[in-house]
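# Examination of the molecular architecture
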Amino acid sequence: MYLDDALLYNQGYMISINDLDSPLFYLFDYDSRSFKINMSFQHFHQFHEIHILLSGRASHLIEGDYYTLQPYDIVLLRPSMMHKTEYPSGGDCRRLIINFRVPDDSPVLHEMLQSCLQPFGAEVPIYRFTGETRAQAFSHLNEIFTLGKQPMTPLTQQFIHCHFLQFLATVAQHAGESSYEPQELSDSITQKVYAVTSYIHRHYASELSLEYLAEKFFISPYYLSHQFRRVTGFSLINYIQITRVCNAQQLLLYTDMKIADITTSCGFTSFSQFNRVFNKFCHTSPSQFRVNGVVTPITAIPYEKEPSPGSTKV
């Protein structure tokens, strides 16, 4: 069925090519989401992800920055970028999620693919198109939707791959036409809290404390602590710790850095602190996590009282 004459959609429809570990991998997931299954904290993948909202309203957190979405906004997420979608209470919101990996190690294709993927590296990787540009971009996704109904032969897979690259190329070619602009939140304290989360994601390797952040953002420590928990669902100390742990997870999985070096590069003051905090949220040690090589979203948030101002750095 057509949804507002823009994108084809069937609830629960899925198209997949190869598996997560393959050099070439695609998953097109047409489904709906609601407030009750919002993730508690931002997560990351080792592949690219595209989120297209199809109905309702939603917001996206990307590396601590808050963005509001409306139908047909295209969110582009590069590998290892921390993010989560938040759906409001009420009815379900339909969306299309595309997870993919395309090999770019071919000398002939490398430059072309890098051009197609360039919009993923924008400061605000969200694109809002209208009119002919949106129709042109989405026509390739609609072709993929139709191809997915056919037997999945090597030729069908090749057609899907070609149409998807044309979709990426269309977005890249018209990226400058995007009308998306981040909106200021009407609640000024919520806006300030998200400014703090953004700062944490950019400075997690530095010494951070409730007192320091309160002074930097011109708010009392007590009020920041209270409002931070209200807006994010986390205590400030837990939010800082989890951000550091998630970045440490990436280094453990995707680099050969020594654990001692990861400890300092992610803002932990000692290996014992790193090991304790990592175990608290991941229920395993950093070394065992590296061996297992599996990331599970952090959901258990133990209550932890904020340290009194000036007493402790996180």
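Quick note: structure is the one above.
Quick look at the structure, then. (Residues numbered from 1 in each chain as written. Predicted model: local features only at pLDDT ≥ 70, side-chain atom pairs only at ≥ 80, totals over all residues. Heavy atoms only, no water.)

This paragraph deals with the environment of Pro23. Along the chain, Pro23 falls in the loop between β3 (14-17) and β4 (25-33). Spatially, the C-alpha atoms of Pro23 and Asp104 are 9.3 Å apart, while their sequence positions differ by 81 residues. Every residue in contact with Pro23, bar those within four places of it in the chain, is listed here: Arg101, Val102 and Pro103. (Helix = DSSP H or I, 4+ residues; strand = E, 2+ residues; numbered from the N terminus. Contact = heavy atoms within 4.5 Å.)

Let's shift gears to the pattern of salt bridges. Taken as a whole and assessed by the stated rule, the structure comprises six salt bridges. Linking Arg95 and Asp29 is a salt bridge whose minimum nitrogen-to-oxygen distance equals 3.3 Å. Of the two residues, Arg95 sits in strand β10 (residues 93-101) while Asp29 sits in strand β4, which places them 66 residues apart along the sequence. On the accessibility criterion, Asp29 (12% relative accessible area) is buried. Notably, a salt bridge pairs Asp187 with Arg230, separated by 3.5 Å at the nearest N-O pair. Linking Asp187 in the loop between α3 (154-173) and α4 (188-203) with Arg230 in helix α6 (residues 221-232), this pair joins segments that are 43 residues apart in sequence. You can call Asp187 partly exposed: its relative accessible area is 31%. For Arg230, a relative accessible area of 45% corresponds to the partly exposed category. (Salt bridge = Lys/Arg side-chain N within 4 Å of Asp/Glu carboxyl O. Buried < 20%, exposed > 50% of the residue type's maximum accessible area, 1.4 Å probe, protein only.)

Attention now goes to the pairing of strand β7 (residues 65-69). Burial along β7 is one-sided: the face carrying Asp65, Tyr67 and Leu69 is buried and the face carrying Tyr66 and Thr68 is not. Of the strand pairs in this sheet, strand β6 (residues 58-62) and β7 are connected by five bridges, and their pairing is antiparallel. Note that in β7 the partner of Leu61 across the bridge is Tyr66. Two successive antiparallel strands, β6 and β7, enclose a turn made up of two residues, where Glu63 displays a positive phi of approximately 50 degrees. (Pairing = 2+ DSSP bridges.)

Scanning the entire structure with this criterion turns up zero disulfides. Take Cys266: it sits in no disulfide, and the sulfur closest to it among the cysteines is that of Cys246, at 10 Å. Residue Cys282 stays outside any disulfide, its sulfur separated by 7.3 Å from that of Cys246, the closest cysteine. A relative accessible area of 15% places Cys282 in the buried class. (Disulfide = S-S within 2.5 Å.)

Gaps left between atoms show up when a probe the size of a water molecule is rolled over them. The full count for this structure, using the stated rule, is two cavities of 30 Å³ or more. Roughly 70 Å³ of internal volume is contained in the largest cavity. Every residue lining the largest cavity is listed: Ser40, Phe41, Gln42, Leu61, Lys84, Glu86, Tyr194, Thr197, Val231, Thr232, Phe234 and Tyr239. Taken together, the elements giving at least two residues each to the lining of the largest cavity come down to β9 (83-86), α4 and α6. Grouping the constituent residues of the lining of the largest cavity by class yields six nonpolar, four polar and two charged. (1 Å grid on protein atoms, 1.4 Å probe; cavity = no way out; pocket = protein on both sides within 12 Å on 5 of 7 lines; lining within 4 Å. Points joined across faces, edges and corners; volume = space filled by probe spheres on them. Nonpolar A, V, L, I, M, F, W, Y, C, P; charged D, E, K, R; others polar.)

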